Structure formats: C-alpha cells, structure tokens
Number of protein chains: 2
Amino acid sequence: KKPVAVSEYIFRRLHEIGIRSVHGVPGDFNLVALDYIPKAGLKWVGSVNELNAAYAADGYARTKGISALVTTFGVGELSAINGLAGAYSEHIPVVHIVGCPSTISQRNGMLLHHTLGNGDFNVFANMSSQISCDVARLNKPAEIAEQIDHALRECWIRSRPVYIMLPTDMAEKKIEGARLDTPIDLTEPKNDQDREDYVVDVVLKYLHAAKSPVILVDACAIRHRVLQEVYDLVEKTQLPVFVTPMGKGAINESHPSYGGVYAGTGSHPDVRERVESADLVLSIGALKSDFNTTGFSYRTSQLNTIDFHSTHCTVRYSEYPGVTMRGVLRKVVERVDLNKLSRPPSPEVVNEVAKNRDDSETITQAWFWPRIGEYLKENDIVVTETGTANFGIWETKFPPGVTGINQILWGSIGWSVGAAQGAALAAKDAGVDRRTVLFVGDGSFQLTAQEVSTMIRHNLKITIFLIYNDGFTIERFIHGMEAEYNDVARWNYTEVPTVFGGSDKQVRKLVIKTKDQLEKLLVDKEFNEAGGLQFVELWMPKEDAPRALKITTEVAARNNARVE
Amino acid sequence: KKPVAVSEYIFRRLHEIGIRSVHGVPGDFNLVALDYIPKAGLKWVGSVNELNAAYAADGYARTKGISALVTTFGVGELSAINGLAGAYSEHIPVVHIVGCPSTISQRNGMLLHHTLGNGDFNVFANMSSQISCDVARLNKPAEIAEQIDHALRECWIRSRPVYIMLPTDMAEKKIEGARLDTPIDLTEPKNDQDREDYVVDVVLKYLHAAKSPVILVDACAIRHRVLQEVYDLVEKTQLPVFVTPMGKGAINESHPSYGGVYAGTGSHPDVRERVESADLVLSIGALKSDFNTTGFSYRTSQLNTIDFHSTHCTVRYSEYPGVTMRGVLRKVVERVDLNKLSRPPSPEVVNEVAKNRDDSETITQAWFWPRIGEYLKENDIVVTETGTANFGIWETKFPPGVTGINQILWGSIGWSVGAAQGAALAAKDAGVDRRTVLFVGDGSFQLTAQEVSTMIRHNLKITIFLIYNDGFTIERFIHGMEAEYNDVARWNYTEVPTVFGGSDKQVRKLVIKTKDQLEKLLVDKEFNEAGGLQFVELWMPKEDAPRALKITTEVAARNNARVE
Ligand SMILES: Cc1ncc(C[n+]2csc(CCOP(=O)(O)OP(=O)(O)O)c2C)c(N)n1
Ligand SMILES: Cc1ncc(C[n+]2csc(CCOP(=O)(O)OP(=O)(O)O)c2C)c(N)n1
Ligand SMILES: [Mg+2]
Ligand SMILES: [Mg+2]
C-alpha cells in the first residue's frame, strides 16, 4: 500500500531508533543507497577511512545509544572489521550496512573489483558473522523489511553489531512501507516472574543478612542499560558503590555513596580495603577482563558475591540462567527492607592533586590525572585511549554527569580518536552542549590521526590532550623499555589540525611542557569554554606511568612469558 | 643439535628468502619476538598502523618478491586484514605473523584484552584462513619448524598470503636449528612431461597455423614469475605483444614488438583493432576482472585463444588441468619453428602528448598521462591508485625497466600510499637506485596519509603526485556527479610531509596548477634527481577523467543498476 525503496526503509528505521548521523565511506556498491540518507533526515559524515568510521560509530553509539556505518563490499567492510570486532567485544550496538554487488552479479559469479577473484560473494559476510549478533543478507524483497527490523532489534537488545548486506539491485527495490507506521519493538523480553521472584528473594536474604554490603558497577550495567535501576538502588539503599575501570562514569562520582574505582591490586588502597572486606558484593554487569581487574587480581570471594548479568544472575555459586538483571534489580529496589540493611559508610573520594604534586616542573602521570578531575566539568564526555591514559583516569574523580568512554577489553589503539569524534557528534545530534575531552597517547594518535579532519569538517567541540611521551610507554613497561620498536616517528602534532583543514581561527593549538603552563591553561576561560577543536600537545616523561599501569603490565608480561 | 628460538627460526628464514625489512606494529603479544628481528639481519619498519603496514608489505612483495608483516592478536591483525585480502585477491606473497596469547592462556580461555571476551582464540585465525593459502598455528614445538617451512613455501609457490600464529610462550621455545642449514625448497613442481609435451604440440600447431598471432600478458604472468619465459618468447618470435592494465610494466614498452594496453573497449583504437583481429591470442596469466577489461568488453573469441595459467592451460575449449604455464612456455620458446610463423607488424606506441594538448592552461587527464611518459625514466617504479590514475596510466608509455604497480582487481583506496612506501623500501633494500613515483587521488590519499611519515622515517626516494580534483572523481562518474558524499574535506596537502616530521630540507613540496608549471617541473634537474621525498599537489578538474575510466564506470553503473 505504501511502497518504499529498501534504502529508504533502512534509513527511516535508523532515524526512528535515534540515529541522526551515519558514518562511512562511499563506494560504487553503496552510492545509490547513500542518496536516501538525507531524505530520511540523516546526516552523512563522510569519514576519512572505514576503520576510523567504525571507531566513530562505536563512540557515537556509546553516547547516543546506537549508531550506523555504511561501507562498500570487501575493501570497505574489511577495513572496518577491527572496529566492529571491538564493538562486539565491548557490547556496543552498531548497525553495519555493506553495499555489495547485485544479486545477479553474485549469482553469475562475476569477476568483479573488490572480490577475491574466486566468485565467492559470501566470504566477507562469513567473517563478519563472527563478530555480529545478526547477519541479514537482503536478497529477496519479500523478506527484507522483516530482516531489517529483526537485525535492528537484535542490535539493540543484545547491544552488539549487526551486519546488513545490501546488493545494488535491492537498494531501490520497492517493499511495503506500511510497516514503518509501527515502530520496531525494542523492549527486552521479561523474565519469567516466578523465577525472577525466587532470585529476588535469594538476593534479599543475603543482602539483609550482610554486615557490609557494597555495590560494584561494571561495563555491562552501562551497555545493557540498567543504570536507572542501579541509581535507584543506590538512592534507596545508600550502599557504598564502586565502579570498575570499564564502569567508570556509570555512577555520579559526587554522590555521597560513591567510593571510587575498584580493580583489585590496582585500586586505591582504601578502595581495595573497602571492597575486599565487604561480606557481600552486588556485582552488576561484571566484565572481568585482565586490564579491567589489574590482571585478575580481585580478592573477593564468590561466596560473598551476587552477579547480575544481562543473560543470567548468579548468587554465590547458584546460577539462574535466563533470569536477567533488569527485572531482578527493579524488584530488589522495591522490596529491600531498609530496616534490615546494614550500611557501611563510603570512603570519601577526592582528586588527590596536592598529595601527588612534586617539586619538579615536569608533568607527572601521578599529578596530572587528579588535576584533570578539577578541570573537568559537569556532563563532559571523557574519552581515554589504551596506554597511560586508560589507567591514569582511574585517579580522576569525575564531576556529575560525566560520561567515561574507554575500550579496556578490546584495546585497539587509535580507537579513541574516532570514538571522540563519534561521541562529540552524537552530543551535537542530541542537541546538548557537552564538551568532549580526549586523552590519547602519541603512539595511538598516529594510527588514526586523520580523524581530526572529520572533527573539523563537522565543527565539533573537542579538546584533545595528546600525551607526548616519546612512544609506546605502556609497551615499554611490558617489554623493551629502550627498544627501538617502542619509539614512534616525531610528528609536529600541533600542526595536525592545520593540515587537515582547520584554520587558526577555528582551532586552538597549544604545547604544554610544565605544570605551571598546564595550571594556567586549565583555568583559562577561553580554553574552558571553547566551542570547537582544541589541540594540546602535553609533554610527559617517557618512562613515567600511572601506578595501576605498572602493576597491570607486570602481570601481563609475566602471563605472556609463562611457559610450561 | 643447534637449538634456536622459534622467533629466530622464523626471521632467519625470512632473511633467507629475500626479505630485509619487516612491516608491522608492536603489541604486547609480539614484543618478545620483535627482539629477534635485528638479530636476523632484518630491519623493523615501525609502521604507523596495521592497514598501512599490510599495504606496504604488498608493495614490498611486488618489488622484492615476497614480504613480511607482524601484527598483534585481534586488534592488529584485523586492522590489517583488508590489506591481506587484497594480497590474496591479487596474488601477492605476504607472510603475516600474528603474536597471540600464550597457549596456556588460550587453553584456560582467559578473558584477555584483544579478545571477544568469549574465550575463543581461533576466531581471527578462522577469518584469516579465508584469505590465506596456509595457516600455521605454532602450538607444538616439535612441529613448528616444519610448519614454518611449509607456510613459507606455500606463500611463495602459490603467491598468496600465509598466516602464522605465534603464541607468546612459543616465541622463545627452542627448536632444532640444524634445519636452517638447508634452504627452503621454493622450486615449483614440474609438469608431467608427457602431458606437457602434448600441450606444447597443440599450442605449436595453432601457433604455426595462425596468420596474425599476438601475445597478451596479464597479471598472473607477473605474479607467477614467468616473465623470463615471456621475454624469451617475444625475443624469439618477435610477435606483437600487448599487456592488460594489470599486466602493465611486464613488457619493455620500448621493445619493437610492444603494442600497447589491451582492455577491450577501453583500449586505444589501434590496439583494439590489432588484438581483436588477431586469429590467435596467446593469453598469458589472464585475470579478466571488470576493471581490467573495461567491463568485460573483450571482443576476442575463445576459439582464437590459448590461455596459459599457473594451474592449467586451455587451448580453445580444451582444458589441461595441472599443466602449468612455465614448462609449456619454455618448450614453446624452444620448439617454435620461426619458418612456420607469421609475424604481423607491431603498431607503434608513443606518448601522445602533442595530440592531447589543448589550448587551456588546465592540466587535463588526456594530456597529463602521455606527458608523464616522457618524464619517467628507466627502472622507475610507478604506483597508481584506484581512481583516475589507474585508468590514466594506460595512456603512459613506460621507459624500459619500469615496474608498474596497481591494485585493479581488489581496488582498495589508500593502498597505493602504503604500497609506494613498501616498493621504495624494497628497492632500497635491494641496493638499487630507483625512483618510486606515486600517482594518487586526493580522496584515496586521505585514508592512509600518515604513511608519508614512514617514507620520511626511512628516508625513501619517492615522488608523490597528488591528484587534487576535489574528491572522488571516479565515483562521480559512476553515480552522484554533484553528490555531497563524493566530496572530501579540503586539506593543506603540501603541509602533510611537514606535519609527519619532514623538514623543508628533506622534502620538496610543490603546488602545480597549470600545464606550464608542470612542464617546467618535469624537466627540472633537481626534481628529476631528488634523493628523498617530493610532494606535488597537482590540480586537475573535478569532472575530468581518462577516456577508459568513463567507459568503465558507465558499465559498472549499468551493472549495479541492472534488475531482473
Ligand atoms: C591496533 C593496535 N595495534 C597495536 C596495539 C598494541 N599497543 C597497545 S598500547 C600501544 C602503545 C600505545 O602508545 P601511546 O598511545 O603512546 O600510549 P602511552 O605512551 O600513553 O602509553 C600499542 C602499540 C594495539 N593495542 N592496538
Ligand atoms: C577502502 C575503500 N573504500 C572505498 C572505496 C570506493 N572508492 C573507489 S575509488 C574511490 C574514490 C577515489 O577518489 P580519488 O582518490 O580522489 O580518485 P580520483 O578523484 O582521481 O578518481 C572510492 C571512494 C574503495 N575502493 N576502497
Ligand atoms: Mg606515548
Ligand atoms: Mg580525487
């Protein structure tokens, strides 16, 4: 009754679920589809390359909830695949649409450009199926609308990438558009109520019995969107609440219940003491990877732990498959009996600036990160890269409303530059005035530097702190402190924005070598209120690293070297 | 008897087969292995990112025969995978070594960084197996030497990438090094002699009977290393010899028998007439992809064709599986009876500069490419990118000894910048003084611009012509001549080398907007003899394209749009 082109259908659905900008790079197999992007009220980003586009889509989804990426068959999609594997690993919902040769060419096994020359048109989709929670090959018009809706729902619910293969001859095929009148159902399936009630009872039994319960919030609490439930739990119980490195930013760090970052031996000693002496840890959305736990160094017991997950819950050693955390948490909030609850006080969390200030002019890692806590302001988006930044940020106390973005599990360097672009664009698309602040190492920055071009092209409000410490410091601490392979080429970093089209009016560029220079900058009004791109080359010593990084890298090196 | 570490074994083997530089990016899972690179007499390139590294390894292999790339598990290898898929598609032998978690961590399914978080350590190897002709998982010391030797042999013989997975706990495991005293056998298996003789007889029968036979040399003649056989055939028979776009550079274009580039309707009319009127085409190493044939537009008949391939030969419709071209060609050279051979004259090939010069100051595509033919000199390495360059170069007559490098089948943009770096490094490693000349579009350049940093770091002799034509001209001709998605951000291209560390003393930077400026530059002594990097921003009109590109894109657009 209301015929619409397949491309229109897709992009209208993307708009409906909250996407406003689409990342990607054109290619002859997707060009016709791209015509439908503006028609659906979407903006085309025009990324500089596909890997950056994928990283940016990741950052966009972390800020706006979900994102989309369009690439071309073979060359484009494979360039992006590492970014999507990262999104899969880290539970980020990204819709990847790949323009591919027509079904006719595929059937005829034509020897087309962007193929392996072997007539196999499924090999790239098969690769992507390993890192996607749904694969939709849009080959039959009658099935396409259903396939798209299913893929988008899976993407959202499972919070992982989906892969949609759009052949050129399907891009403008007409399908039934009346479906578009009904929004895609994005609600999660409810738990079986009896089972859920049972788990809630068990949880409450232990919670009421505990003397010193604490809450620990990790990545999957953010990714599977139970933060409202967590806030309500904290608000009602006033229990001390900690975050893991991957959970950083999930909790208002000015809240009186907030206790800091817990990551085993890498934690602040007070935090470690507090969490490890708790007789009950309500662990929400745990993702206990090596770098999120300072090398698996938790000293908490499963006997004292209740795990809430998006697919199941575990109370001590009892598992409840299929009972997901949202419903359980909601009822725990409703039913917890405050009279029966013991509430240990929270340790105070402060930015330990003075304590970590030495007499030198050098900007040390120990001093820098707490100091940044005083510079950040409400609702900032803070992106940190693998390297010293990802560990340093543990020492930064965020103001309320700050979104922390990191990629601690996947840890692909260069990611943060794309992710910062995507995050800033998402904020802009949402119509909110937030600063995006990026902390990236000089080594990492080199991989994806041209993403600065996209930041300028879209006039995004981003402040980049480039940690200029002469190479791969994190790697030096793992192996080869003086090795040549841990050096990087010396760039004129501050000129990067200029080369990528940013005029001096548009971009502020600074070189900061001393504590005093940094102090001045961080309180500078213009710097704090800048509306566009700022680029700070920040000098730090080559062999300096945050405390937690040193411990983590020691464990990693030992683990790598271990032989039988 | 002579224990050596696995890493030493690998790198000594790489040295033995001709590799001198290893591309790649460090990661904690490969750091220990990297220590063995200098010990084996190899140089570590220190690439800016893994995709560029893979592209560069591709260019290195095209120049030096074979190449190697080291990446780290997950994040590194997947960043590179598009480059390796290109090498697979285009038959380029690249050894990809991936440092991965220890066998112990793998067995324990540890939740490590750079994993999908699901305990599956094979998923990336499985992806790479799709684009590798051998996969070696080095898990058992007793098997490792054999696995490595086998992988390197396969890489060479099949002229395609191999994937070697090196766990951290195997990097220094001692294995038997006495094997290293015997070089790896890289000789191709010989054909069954009876079958080979049979095919040779058939070939000669048709060859002797033909009135106007011609030779057509394509990509696989280069990749599977039968150029010596081809030269000998041309030298002995003096038959007219043509190349396809992917075969360009295979034949000395100053040779009196050389007739030009044949690609169906995209060919120069004289060439087309000559090839299509031949009553026998000796087609050597054909790879008839769309962009190599102006959209499958050959008007030659299989009844008049003999196909020589690396896996079989085909005479008219008779197939000879397992009879490979090298032996057959060698015997055809030996046994051809010149008295029985008809030799049509070759058309003359010249750079048609004057004919294509119009009155305007604008640098047109039609004029530029022939003009470049006069600038190029003996033994230059000429790299062209997908876009106007790859089609324009058909109109350029090369001096003797020029190596032409393109990626017409896979066509991943940005590739040429890495490939040029790799090619120039290979020439340097071989101790020969060759210029590398790169022609790359502004759009393509943006994807991998930071490879200029590696060119500077290794002080390579490269002249870059950046075709500044306001975006994706090739895409404009396919769809969306004025579409925004075919625009790219405006960069200050000439400042790119400066930002990436090149001083003005080290790098010459030029902006060329008119024919006269270009004329002057191309005869400038300093420009011709420069020993380092030169960067020319070359202005060309947005809507101008080489003749062959216009025809090819028309076919591509039609093919994409065709519906049933
Ligand atoms: C794509 C990718 N390649 C390689 C690595 C391995 N790696 C992890 S951290 C790192 C060095 C980061 O150096 P830099 O950004 O300068 O950080 P810092 O000096 O602050 O530690 C490298 C090479 C990786 N994680 N991802
Ligand atoms: C990795 C990758 N992404 C996208 C494409 C699709 N594509 C092919 S050519 C091209 C445009 C090239 O533009 P440019 O380099 O400026 O060339 P020119 O203007 O000379 O045609 C694009 C986007 C591709 N081939 N490879
Ligand atoms: Mg660094
Ligand atoms: Mg261009």
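1. Considering the overall build of chain A
Now for step 1: Counting its secondary structure elements, chain A contains 23 helices and 21 strands.
Now for step 2: For 564 residues, the compact-globule estimate of 2.2 N^0.38 gives 24 Å, and chain A sits close to it at 24 Å.
Now for step 3: The dimensions of chain A, computed from C-alpha atoms along their principal axes, are 65 × 65 × 55 Å.
Now for step 4: Counting over 564 residues, chain A shows a buried share of 66%.
Now for step 5: Intrachain contacts of chain A at a sequence separation of at least 6 include 76% that bridge at least 24 residues.
Now for step 6: Summing over all exposed atoms, chain A offers an accessible surface of approximately 18,500 Å²; the carbon and sulfur share of this is 49%.
Now for step 7: Positive and negative side-chain charges in chain A, numbering 61 and 70 respectively, have mean positions lying 4 Å apart.

2. Points about the site of ligand 1
Now for step 1: Near ligand 1 there are 24 residues, and of these T388, G411, D442 and S444 of chain A together with E50 of chain B occur at the shortest range.
Now for step 2: The site occupied by ligand 1 is bordered by residues of chains A and B.
Now for step 3: One of the backbone nitrogen or oxygen atoms of I413 of chain A is found 3.0 Å away from a nitrogen atom of ligand 1.
Now for step 4: E50 of chain B places a polar side-chain atom, nitrogen or oxygen, 2.6 Å from a nitrogen atom of ligand 1.
Now for step 5: Expressed as a share of its isolated accessible area of 600 Å², the protein-covered part of ligand 1 is 98%.
Now for step 6: At the level of secondary structure, the elements contributing two or more residues to the shell around ligand 1 comprise helix 17 (442-447) and helix 19 (473-478) of chain A.
Now for step 7: The element best represented in the shell around ligand 1 is helix 17 of chain A, accounting for 4 residues.

3. Here we look at the relation of the copies chain A and chain B
Now for step 1: Turning chain A through 180 degrees and shifting it by 0.0 Å along the axis lays it on chain B, with an RMSD of 0.0 Å. Put plainly, the chains are arranged around a two-fold axis. Every residue of chain A has its C-alpha some distance from the rotation axis, and the shortest such distance is that of M127 of chain A, at 2.6 Å.
Now for step 2: A shared binding surface is used by both copies, with 100% of the interface residues of chain A retained as interface residues in chain B.

4. What to know about the coordination of the magnesium ion (ligand 4)
Residues and elements named next belong to chain B.
Now for step 1: All of the protein donors around the magnesium ion (ligand 4) are D442 (OD), N469 (OD1) and G471 (O); their distances to the metal are 2.0 to 2.1 Å.
Now for step 2: Between consecutive donors of the magnesium ion (ligand 4), the numbers of intervening residues give the motif D-x26-N-x1-G.
Now for step 3: Using a relative accessible area of 3% as the deciding quantity, one classes N469 as buried.

5. Concerning the site of ligand 2
Now for step 1: What surrounds ligand 2 is a group of 24 residues, the closest being E50 of chain A together with T388, G411, D442 and S444 of chain B.
Now for step 2: Neighbouring residues of ligand 2 are not confined to a single chain but are spread across chains A and B.
Now for step 3: In the model, an oxygen atom of ligand 2 is placed 2.5 Å from a nitrogen or oxygen of the S444 of chain B side chain.
Now for step 4: Within the backbone of I474 of chain B, an N or O atom sits 2.9 Å from an oxygen atom of ligand 2.
Now for step 5: At the level of secondary structure, the elements contributing two or more residues to the shell around ligand 2 comprise helix 17 (442-448) and helix 19 (473-478) of chain B.
Now for step 6: Per-element accounting of the shell around ligand 2 gives the leading share, 4 residues, to helix 17 of chain B.

6. Quick notes on the coordination of the magnesium ion (ligand 3)
All names here are of chain A.
Now for step 1: Distances from the magnesium ion (ligand 3) to its protein donors, D442 (OD), N469 (OD1) and G471 (O), fall within 2.0 to 2.1 Å.
Now for step 2: One chain supplies every donor for the magnesium ion (ligand 3), spaced along it as D-x26-N-x1-G. Residue D442 is located in helix 17, and its partner G471 is located in the loop between strand 19 (462-468) and helix 19; the two are separated by 29 residues in the primary sequence. The residues D442 and G471 share a single accessibility class, namely buried.

7. Some details on the sheet that holds strand 6 (residues 134-137) of chain B
Residue and element names in this part refer to chain B.
Now for step 1: Read from one edge of the open sheet, 6 strands run 3-2-4-5-7-6, paired in parallel fashion. Of all the strands in the sheet, the pair left with one neighbour each is strand 3 (43-44) and strand 6.
Now for step 2: Summarising the sheet, strand 2 (residues 21-24) and strand 4 (residues 67-72) pair through 3 bridges and their orientation is parallel. Of the residues in strand 4, the one forming a bridge with V22 is A68.
Now for step 3: The strands that helix 4 (residues 50-64) touches are strand 2, strand 4 and strand 5 (94-100); relative to strand 4, the one it contacts most, it runs at about 165 degrees.

8. Concerning the sheet that holds strand 16 (residues 381-384) of chain A
Within a sheet, each strand pairs with its neighbour through backbone hydrogen bonds, oriented either parallel or antiparallel.
Residues and elements named next belong to chain A.
Now for step 1: An order of 17-16-18-19-21-20 is seen for the 6 strands of this open sheet, with the pairing classed as parallel. Edge strands, defined here as strands with exactly one partner in the open sheet, are strand 17 (403-405) and strand 20 (507-512). On average, adjacent strands in this sheet sit at an angle of 15 degrees to one another, irrespective of strand direction.
Now for step 2: Of the pairings in the sheet, the one linking strand 18 (residues 436-441) to strand 19 comprises 6 bridges and is parallel in character. By the bridge assignment for strand 19, F439 is matched with F465.

9. Structural notes on the state of the cysteines
Residue and element names in this part refer to chain A.
Now for step 1: Enumeration over the complete set of coordinates arrives at 0 disulfides over all chains.
Now for step 2: For the unlinked cysteine C155, the closest cysteine sulfur is that of C133, found at 6.0 Å.
Now for step 3: The cysteine C220 is free of any disulfide, with C313 supplying the nearest cysteine sulfur at 12 Å.
Now for step 4: Since its relative accessible area comes to 6%, C220 is described here as buried.

10. Considerations on the interface of chain A and chain B
Where the parts come together, the accessible area they lose is often given as the size of the interface.
Now for step 1: Each side of the interface is counted separately: chain A has 88 residues, and chain B has 88 residues.
Now for step 2: Around 7,100 Å² of area is buried between chain A and chain B when both sides are counted, 60% of it from carbon and sulfur atoms.
Now for step 3: On the surface where chain A and chain B come into contact, there are 2 salt bridges.
Now for step 4: Seen at the junction of chain A and chain B, the total is 43 residue pairs in polar contact (both at pLDDT 80 or more).
Now for step 5: Counting residues per element, the side of chain A that touches chain B draws most heavily on helix 5 (residues 75-89) of chain A, at 8 residues.
Now for step 6: For the side of chain A that touches chain B, the class distribution of residues is 42 nonpolar, 29 polar and 17 charged.

11. Description of the packing of helix 4 (residues 50-64) of chain A against helix 5 of chain A
Residue and element names in this part refer to chain A.
Now for step 1: Two elements in contact, helix 4 and helix 5, have axes separated by 7 Å at closest approach and are oriented at 30 degrees. What the angle tells us is that helix 4 and helix 5 run roughly parallel. Crossing hand, helix 4 versus helix 5: right-handed. The residues of helix 5 that touch helix 4, namely those facing E50, L51, A54, Y55 and D58, are G76, S79, A80, N82, G83, L84, G86 and A87.
Now for step 2: Residue composition of the contact of helix 4 with helix 5, grouped by class: 6 nonpolar, 5 polar and 2 charged.

12. Quick word on the packing of helix 9 (residues 193-209) of chain A against helix 13 (residues 325-335) of chain A
Residue and element names in this part refer to chain A.
Now for step 1: Remark: helix 9 packs on helix 13, axes separated minimally by 9 Å, with the N-to-C direction vectors making an angle of 50 degrees. Overall, the two elements helix 9 and helix 13 adopt an arrangement that is oblique. Here helix 9 runs over helix 13; the crossing is right-handed. For the pair helix 9 and helix 13, the contacting residues are Q193, E196, D197, V199, V200, V203, L204 and L207 in the first and G327, V328, K331, V332 and R335 in the second.

13. Some thoughts on the confidence of the model for chain A
Parts of the prediction with low pLDDT should not have their coordinates interpreted in detail.
All names here are of chain A.
Now for step 1: Scored by pLDDT, chain A comes out at a mean of 97, with 100% of its residues at no less than 70.
Now for step 2: Here helix 23 (residues 547-561) is the element of chain A with the lowest mean pLDDT, 93, and strand 5 (residues 94-100) is the one with the highest, 99.
Now for step 3: This complex was scored by the predictor with a pTM of 0.98 and an ipTM of 0.98.

Each value, and the rule that gives it
- Residues numbered from 1 in each chain as written.
- Chains lettered and ligands numbered in written order.
- Predicted model: local features only at pLDDT ≥ 70, side-chain atom pairs only at ≥ 80, totals over all residues.
- Heavy atoms only, no water.
- Helix = DSSP H or I, 4+ residues; strand = E, 2+ residues; numbered from the N terminus.
- Rg over C-alpha atoms; globule rule 2.2 N^0.38 Å.
- Buried < 20%, exposed > 50% of the residue type's maximum accessible area, 1.4 Å probe, protein only.
- Contact = heavy atoms within 4.5 Å.
- Areas by Shrake-Rupley, 256 points an atom, 1.4 Å probe, with all protein chains shown as cover.
- Lys, Arg positive; Asp, Glu negative; His and termini not counted.
- Charge placed at Lys NZ, Arg CZ, Asp CG, Glu CD.
- Near = heavy atom within 4 Å.
- Polar contact = N/O pair within 3.5 Å; in protein donor to acceptor, adjacent residues only side chain to side chain.
- Least-squares fit on C-alpha atoms with pLDDT ≥ 70 in both.
- Donors = N, O, S within 2.8 Å, 3.2 Å for Na, K, Ca; no water.
- Pairing = 2+ DSSP bridges.
- Axes fitted to C-alpha atoms, helices over the stretch in contact; angles between N-to-C directions.
- Disulfide = S-S within 2.5 Å.
- Buried area = accessible area lost by both parts, 1.4 Å probe.
- Salt bridge = Lys/Arg side-chain N within 4 Å of Asp/Glu carboxyl O.
- Nonpolar A, V, L, I, M, F, W, Y, C, P; charged D, E, K, R; others polar.
- Parallel < 35°, antiparallel > 145°, perpendicular 65-115°, else oblique.
- Left-handed = near helix turned anticlockwise from the far one by under 90°.
- pLDDT = per-residue confidence, 0-100.

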